[in-house]
Amino acid sequence: GRDLLDSSRNNALPPLLQLFVCLRFFATGAFHKLIGDSMHISECTVGRCCKSVTEALLRIRKLFIAFPKDDKDRTTKQEFIKIAGMPFPSACLQL
């Protein structure tokens with residue numbers, strides 16, 4: 001995959017703007033066309049932003065996402081049940 005900074009296109013969006021476009025898509029689930037219209041960029045550009053940001057996140061996921069193992073998993077489950085009545089916290093992600 002291409003890095004966010006790596007672009008041979010004219011008028012490429014800066015990496016921070018690419019992130020904002022992708023976060024808007026993640027947060028709203030709106031169609032790329034709607035997001036593009038609201039940010040004055042093309043539908044295709046929204047798709048490319050989402051692809052490049054998602055690929056970048058996937059490359060670094062192991063640095064930030066870890067699932068509890070063994071005793072820690074059991075303890076975490078008990079705490080979630082005690083606090084929120086949620087029996088399967090392994091399905092939750094903390095961002």
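Remember, it's a predicted structure, so these values are computed and weren't measured experimentally.

(A) Spotlight on the packing of helix H2 (residues 32-39) against helix H3 (residues 43-64). At a minimum axis distance of 8 Å, the contact between H2 and H3 shows a crossing angle of 105°. When the axes of H2 and H3 are compared, the pair comes out roughly perpendicular. Across from His32, Lys33, Ile35 and Gly36 in H2, the residues of H3 making contact are Glu43, Val46, Gly47 and Cys50.

(B) Quick look at the packing of aromatic side chains. Using the criterion set out here, one finds 1 aromatic pair in the structure. Taking the centre distance of 6.2 Å and the plane angle of 50° together, the rings of phenylalanine 25 and phenylalanine 26 count as tilted. The class of phenylalanine 26 is partly exposed, set by a relative accessible area of 44%.

(C) Structural detail: a nonpolar patch on the surface. A surface patch of nonpolar side chains, about 990 Å² in accessible area, is lined by Leu16, Leu17, Phe20, Leu23, Phe26, Leu57, Ile60, Leu63, Phe64 and Ile65. Looking at the nonpolar patch element by element, the count peaks at 5 residues for helix H1 (residues 15-28). Here leucine 63 is to be found in helix H3. Note on leucine 63: relative accessible area 66%, which makes it exposed.

(D) Quick look at the nonpolar core. In terms of nonpolar packing, the biggest core is built from 10 residues, these being Leu13, Val21, Cys22, Ala30, Ile35, Ile41, Val46, Cys49, Cys50 and Val53. Taken together, the elements giving at least two residues each to this core come down to H1 and H3. Per-element tally for this core: the top contributor is H3, with 4 residues. Filtering out sequence-adjacent residues up to four positions away, cysteine 22 remains in contact with Cys49, Cys50, Val53 and Thr54.

(E) Structural detail: the pattern of salt bridges. For the coordinates displayed, the defined rule picks out 3 salt bridges. For lysine 82, the salt bridge goes to glutamate 79, with nearest N and O atoms at 3.6 Å. On the criterion of helical spacing, the pair formed by lysine 82 and glutamate 79 is a turn pair, its members being 3 residues apart in helix H4 (residues 71-84). For glutamate 79, a relative accessible area of 36% translates into the label partly exposed.

Conventions adopted
- Residues numbered from 1 in each chain as written.
- Predicted model: local features only at pLDDT ≥ 70, side-chain atom pairs only at ≥ 80, totals over all residues.
- Heavy atoms only, no water.
- Axes fitted to C-alpha atoms, helices over the stretch in contact; angles between N-to-C directions.
- Helix = DSSP H or I, 4+ residues; strand = E, 2+ residues; numbered from the N terminus.
- Parallel < 35°, antiparallel > 145°, perpendicular 65-115°, else oblique.
- Contact = heavy atoms within 4.5 Å.
- Phe/Tyr/Trp six-rings, centres within 6.5 Å; stacked < 30°, edge-to-face > 60°.
- Buried < 20%, exposed > 50% of the residue type's maximum accessible area, 1.4 Å probe, protein only.
- Patch = residues over 30% accessible without salt bridge, like charges linked within 9 Å, V, L, I, M, F, W, Y side chains within 5 Å.
- Areas by Shrake-Rupley, 256 points an atom, 1.4 Å probe, with all protein chains shown as cover.
- Salt bridge = Lys/Arg side-chain N within 4 Å of Asp/Glu carboxyl O.
- Core = buried A, V, L, I, M, F, W, Y, C linked by side-chain atoms within 4.5 Å.

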